[in-house]
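# Fold and geometry: a report
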Amino acid sequence: MSKMMFDYTKSILERVSFDPVLFCKELEKAIKTLLPYEMEQLQEWLLNFIIEKPELKPSLLLIKV
């Protein structure tokens, strides 16, 4: 079940990545719902994802990378 939630979270973040404000809001929701080990996975994914989208870099502050 948790793998599905993590995948769902990634898909939502990918869909809203056109808007940095919306992306941060969705990331905040994800932080509240994901388990600690899923947060580690999300951090890794986010670091790789924002390479192509530098406008999302401020979102790293939300997960304290």
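See above for the structure.
Note that the structure is a prediction, hence the values are computed from the model and not measured.

### Remarks on the pattern of salt bridges
- A complete count under the given rule lists two salt bridges for this structure.
- Two residues, Lys3 and Asp7, come together in a salt bridge whose shortest N-O distance is 3.5 Å. Taken together, the residues Lys3 and Asp7, both in helix α1 (residues 2–15) and four residues apart, mark about one turn of the helix.
- The exposed category is assigned to Lys3, whose relative accessible area is 53%.
- In this structure Asp7 comes out as partly exposed when scored by relative accessible area, which is 31%.

### Quick word on the nonpolar core
- Counting residues in each nonpolar core, the largest one holds 16 residues, and the members touching the most others are Phe23, Leu27, Leu42 and Leu46.
- Looking at this core, the elements with two or more residues in it are α1, α2 (20–33), α3 (36–49) and α4 (60–63).
- Looking at which element gives the most residues to this core, the answer is α3, with five residues.
- Discounting chain neighbours no more than four positions away, the residues touching Leu42 are Phe6, Leu13, Leu27, Ala30 and Leu34.

### Concerning the environment of Cys24
- With respect to the helices, strands and loops of the structure, Cys24 is situated in helix α2.
- Separated by 30 residues in sequence, Cys24 and Pro54 have C-alpha atoms that sit 13 Å apart.
- Once you skip the residues sitting within four places of it in the chain, Cys24 turns out to touch Ser59 and Leu62.

### Quick look at the side chain of Ser59
- Here Ser59 is to be found in the loop between α3 and α4.
- In this structure Ser59 comes out as buried when scored by relative accessible area, which is 1%.
- Excluding anything up to four places from it in sequence, Ser59 contacts Phe23, Cys24, Leu27 and Leu46.

### So, the environment of Glu38
- When you line up the elements, Glu38 lands in helix α3.
- On the basis of relative accessible area, Glu38 is assigned to the buried category, the value being 3%.
- At 2.8 Å, the side chain of Glu38 forms a polar contact with the backbone nitrogen of Leu35.

Rules and cut-offs
Sequence order as written defines the numbering, with residues in each chain counted from 1. Reporting of local features is limited, given that this is a predicted model, to residues whose pLDDT is at least 70; pairs of side-chain atoms are given and counted only at 80 or more, and all residues count toward the totals for whole chains, interfaces and linings. As a rule here, side-chain values cover all heavy atoms of the structure and leave hydrogens and water aside. Salt bridges are defined by distance alone: a side-chain nitrogen of Lys or Arg within 4 Å of a carboxyl oxygen of Asp or Glu. Secondary structure counts use DSSP, requiring at least four H or I residues in a row for a helix and at least two E residues in a row for a strand, with both numbered from the N terminus. Note on exposure labels: buried denotes an accessible area under 20% of the residue type's maximum, exposed denotes more than 50%, and partly exposed covers the range between, all computed with a 1.4 Å probe on protein chains only. Note on terminology: a nonpolar core comprises buried Ala, Val, Leu, Ile, Met, Phe, Trp, Tyr and Cys residues joined through side-chain atoms within 4.5 Å. Contact between two residues is taken to exist if any of their heavy atoms lie within 4.5 Å; hydrogens are not considered. Whenever a nitrogen or oxygen atom comes within 3.5 Å of another N or O atom, the pair is scored as a polar contact, on the condition that within protein one atom can donate a hydrogen and the other can accept it, and that pairs from neighbouring residues in sequence are kept only if both atoms are in side chains.

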